[in-house]
Amino acid sequence: VSDIYVQKNYDSLLLAVDKIKKKYPNVLLKIAGRKLDKGYYDILQKIIVDRQMQENVSFLGSVTQSELSDLYRKCKFFVFPSLVESFGNPLIEAMASGAPVASSNKAAMPEIVGSAALFFDPQNITEMASVLKRLCNDELLRDRLSEKSLQRAELFSWSKTAHATLEVI
């Protein structure tokens, strides 16, 4: 979930999905977001065609808030491979929906999700694929992460943000 441009690191995610699709041929990666960087989107399409992943990847474009909520609730797990984020709103949204989370270990992501995610180095495709495999294989792990996601999301609210901001001011 995010607009499509290079910092979101979808190319590495595609390569990680390619690594697991032999064992999980029905794996489906859904990417919601606008195609802001056409050149990067073209690179992603080339990866998909070259790796014969057309049945494994779906670009949804812009989605409504209702559709987004539905995606979060129905996903087997949520993957956030971003290289750079000041704050990852999709992480909070996914956790608030109870989605198990796999996240990049860079920038603000570890601080946002705490212990409610499995982490990977977003530039290490093998490590990312290993995390995806663990989540595909282990329903109990997904259930535990889902519970942790819901608990962690409770720490973030607009009223708590307003109070914390007021304290700083």
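None of the values given here were measured: they were computed from a predicted structure. (Residues numbered from 1 in each chain as written. Predicted model: local features only at pLDDT ≥ 70, side-chain atom pairs only at ≥ 80, totals over all residues. Heavy atoms only, no water.)

1. Focus on unusual backbone geometry
Working note: non-glycine residues mostly have negative phi, and peptide bonds are mostly trans. This is how the line gets drawn: Strands here are runs of E lasting at least two residues and helices are runs of H or I lasting at least four, both read from the DSSP assignment and numbered beginning at the N terminus. Here's how the labels work: a residue is buried when its accessible area is under 20% of the maximum for its type, exposed when over 50%, partly exposed in between, all with a 1.4 Å probe on protein chains only.
Positive phi, close to 55°, is recorded for Q52, a residue that is not glycine. Mapped onto the fold, Q52 is located in the loop between α2 (38–50) and β2 (57–61). Look at Q52 and you get exposed, because its relative accessible area is 61%. Despite not being glycine, A107 has its phi angle at roughly 50°, a positive value. Here A107 lies in the loop between β4 (101–104) and α5 (109–113). With a relative accessible area of 53%, A107 lands in the exposed category.

2. Some points on the nonpolar core
Short version of the rule: Here the nonpolar core consists of buried residues drawn from Ala, Val, Leu, Ile, Met, Phe, Trp, Tyr and Cys, with membership extended through side-chain atoms lying within 4.5 Å. Two residues form a contact once any of their heavy atoms are found within 4.5 Å.
Counting 33 residues, the largest nonpolar core has I4, L13, L14, F59, L132 and L135 as its most contacted members. Of all the secondary-structure elements, those providing two or more residues to this core are α1 (10–20), β1 (29–32), α2, β2, β5 (117–120), α6 (125–137) and α7 (139–153). In terms of residue count, α1 provides more of this core than any other element does, seven residues in total. Discounting residues that sit within four places of it in the chain, L135 has contacts with F77, A102, L118, L141, R142 and L145.

3. Let's talk about the side chain of K21
To be explicit about the condition: Counting of polar contacts relies on pairs of N or O atoms within 3.5 Å, with two restrictions inside protein: one atom must be capable of donating a hydrogen and the other of accepting it, and residues adjacent in sequence are counted only when both atoms are side-chain atoms.
In this fold, K21 is placed in the loop between α1 and β1. Polar contacts involving the side chain of K21 include one to the main-chain carbonyl oxygen of R51, which spans 2.9 Å. When near neighbours in sequence (up to four residues on either side) are disregarded, K21 contacts V27, R51, Q52, M53 and N56.

4. Topic: α1
Across the eleven residues that make up α1, a large majority, nine, are buried. Of the surrounding elements, those touching the buried residues of α1 are β1, α2, β2, β3 (78–80) and α6.

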